[in-house]
Amino acid sequence: MGDRHREDNLGTGRVSGIETHSASIGITRYFIDTGQLEWDARAADIFDAIRDPRPAIEIWQERVHPDDAHLLVKLYGDASADIGAECIYRVVLSDGTVRHILTRSVAIETAVNGDPTVLTGVVSLVRPHTGTSDHLGAALDSVSLGFAILDREMIIRYVNKQTELHLGVGRDQLIGQHLHDALPITRGSYIDGLHSDSLRTRGEVSIEAPAIFLPGKIVEVTANYVGDIVAVSFRDVTDRVQTSSRLLGAYRELLAKSRLDDLTGVLNRSALIERIERISAETSTPAAVLYIDIDNFKQINDTYGHLAGDHVLRITAARLADLCGSYAVLGRIGGDEFVIALFDDEPLATTNEPEQLRRRLRRATRAPIRLEDSFLSIELSVGIARNTGESTLEDMLVRADIALYEDKTDSSRRPPRPADD
């Protein structure tokens, strides 16, 4: 993208070099290749970040309500250079306050090969449950091929100039005619279904499908119910369909990373609790919870340095993850502490599976870890809390934490030690 001049001077109304265009609308720019997010002062204020020194992307990832992440995936999957894809989602501020944000895409910059590189959007605050925009206005704004109005009986009441050019038929041959009579090829097509669905729902319906009149093209056809008529818009989405996979993948990766611990790559604390609670709501509370930490981890940092300590955490997390099957959820809750929640179709209360897993975890993490010119072998302390049948997640975490410190009565006598080369 080349060098860009950037300022972080809030006094001039600039953040990351983006001009503030309005007192109520903020601007964001996401650089797909680098994962960098820039926003102006208004956008920073909307996300409660005006005095937060952290990178914008880190703040944004923290603020987005986890239940609304799928809305953003769909939004950015639909984004293209000439359409205002939009949605309303929630953000949670540092004080716990929930805000509703309207985000609308306004532009995509592409590389020479056509791949999207920079996504630009606008954000503004809205009240809960308010609509995003007038349906008819949104349809007209997105038109690239044509626009037409049909009444309840599918009589053509209006077509725009683009529709004439697209069909190669003058308005005088279309207006006042039944759609099927004027354009027989449309009989039994997806337009019939869109028209009837729009009338039935009194709302907006759309479909992506091969263009009826343009072989090789993909169009998005949207039908909006507006005052007892149906406004139908057509736009060419061939290029977007061809690039949407990469674009959608970039945002899925972005949203996924917002739920992972930056250092170890496992779930972070909030995502761990969310994942456990979601599975519990769908199936049942975990059969057991394991609370884990690395013995004498402070000694590792003091002796070998914090970079070495970070390396130990990454290796340990990878080893824990390797032993967690599909029935287990692993996350880092802070420092050198990890939690594993065990789910299974069979109750674990009468089995020794948690103890077996504890032994496997300890054996795996004892394998020597290389630290520059030396090797280090670590030990884990592991506390286990079983589901009594009436246990809550909070109760199990508390009991597992207590069991962890009881386990340390023995494990504290096993300090990290240099391993034999």
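Please read these numbers as outputs of a predicted model, since none were measured by experiment.

What counts as what
- Residues numbered from 1 in each chain as written.
- Predicted model: local features only at pLDDT ≥ 70, side-chain atom pairs only at ≥ 80, totals over all residues.
- Heavy atoms only, no water.
- Helix = DSSP H or I, 4+ residues; strand = E, 2+ residues; numbered from the N terminus.
- Buried < 20%, exposed > 50% of the residue type's maximum accessible area, 1.4 Å probe, protein only.
- Contact = heavy atoms within 4.5 Å.
- Areas by Shrake-Rupley, 256 points an atom, 1.4 Å probe, with all protein chains shown as cover.
- Phe/Tyr/Trp six-rings, centres within 6.5 Å; stacked < 30°, edge-to-face > 60°.
- Axes fitted to C-alpha atoms, helices over the stretch in contact; angles between N-to-C directions.
- Parallel < 35°, antiparallel > 145°, perpendicular 65-115°, else oblique.
- Left-handed = near helix turned anticlockwise from the far one by under 90°.
- Nonpolar A, V, L, I, M, F, W, Y, C, P; charged D, E, K, R; others polar.
- Pairing = 2+ DSSP bridges.
- pLDDT = per-residue confidence, 0-100.

With respect to the overall build of the protein chain
No. 1: Each helix and strand counted, the protein chain has 13 helices and 17 strands in total.
No. 2: When the 421 residues of the protein chain are sorted by exposure, 46% land in the buried category.
No. 3: In the protein chain, 54% of the contacts between residues at least 6 apart in sequence involve partners at least 24 apart.
No. 4: Of the roughly 21,300 Å² of accessible surface on the protein chain, 50% is carried by carbon and sulfur atoms.

Digging into the packing of aromatic side chains
No. 1: According to the stated counting rule, one finds one aromatic pair in the structure shown.
No. 2: Both rings, one in Trp-39 and one in Phe-47, keep their centres 5.1 Å apart while their planes meet at 20°; by these two values the pair is stacked. One exposure class covers both Trp-39 and Phe-47, and it is buried.

A word on the packing of helix α11 (residues 306–322) against helix α12 (residues 353–365)
No. 1: In the contact formed by α11 and α12, the axes pass within 10 Å of each other and the chain directions differ by 140°. The pairing of α11 with α12 is recorded here as oblique in orientation. Remark: the crossing between α11 and α12 carries right-handed chirality. Residue-level inspection shows Thr-316, Arg-319 and Leu-320 of α11 in contact with α12, the latter providing Leu-361, Ala-364 and Thr-365.
No. 2: When grouped by side-chain class, the residues that make up the contact of α11 with α12 number three nonpolar, two polar and one charged.

Overview of unusual backbone geometry
No. 1: A positive phi angle, near 70°, is found at Met-154, a position not held by glycine.
No. 2: Along the chain, Met-154 turns up in the loop between β6 (146–150) and β7 (156–159).
No. 3: For Met-154, a relative accessible area of 9% translates into the label buried.
No. 4: A positive phi angle is found at Glu-372, which is not glycine, with a value near 55°.
No. 5: According to the relative accessible area criterion, Glu-372 is exposed, its value standing at 69%.

A closer look at helix α2 (residues 56–63)
No. 1: Where burial is concerned, most of α2 is hidden: six out of the eight residues are buried.
No. 2: For α2, the complete set of buried residues consists of Ala-56, Ile-57, Ile-59, Trp-60, Gln-61 and Arg-63.

With respect to the packing of helix α10 (residues 297–304) against α11
No. 1: Direction vectors running N to C along α10 and α11 enclose 135°, while the axes themselves pass 7 Å from each other. The orientation of α10 with respect to α11, classified from their angle, is oblique. When α10 is examined against α11, the residues Phe-297, Ile-300, Asn-301 and Tyr-304 are found in contact with a partner set consisting of His-306, Ala-308, Gly-309, Val-312 and Leu-313.

With respect to the sheet that holds strand β13 (residues 337–342)
No. 1: With antiparallel pairing, the four strands of this open sheet are ordered in space as β12-β13-β11-β16. The sheet terminates laterally at β12 (328–334) and β16 (380–386), the two strands that pair on one side only. Put simply, the sheet's adjacent strands are angled 20° from each other on average, direction ignored.
No. 2: In terms of strand pairing, β12 meets β13 through six bridges, oriented antiparallel. Bridge pairing in β13 links Val-329 to Ala-341.
No. 3: Across the sheet, α12 touches β11 (288–294), β13 and β16, and the angle it forms with β16 is around 165°.

A few points about the environment of Arg-187
No. 1: Inspection of the secondary structure puts Arg-187 in the loop between α6 (179–182) and α7 (190–201).
No. 2: Excluding its chain neighbours within four sequence positions, the residues that come into contact with Arg-187 are His-180, Asp-181 and Asp-192.

Overview of the confidence of the model for the protein chain
No. 1: Here the protein chain averages 78 in pLDDT, while 77% of its residues score no lower than 70.
No. 2: Here helix α4 (residues 135–141) stands out as the least confident element of the protein chain, with mean pLDDT 39; β11 is the most confident, with 95.
No. 3: A low-confidence stretch, residues 1–23 stays under pLDDT 50, and its non-local contacts, those more than four residues away or across chains, total 46 contacts.

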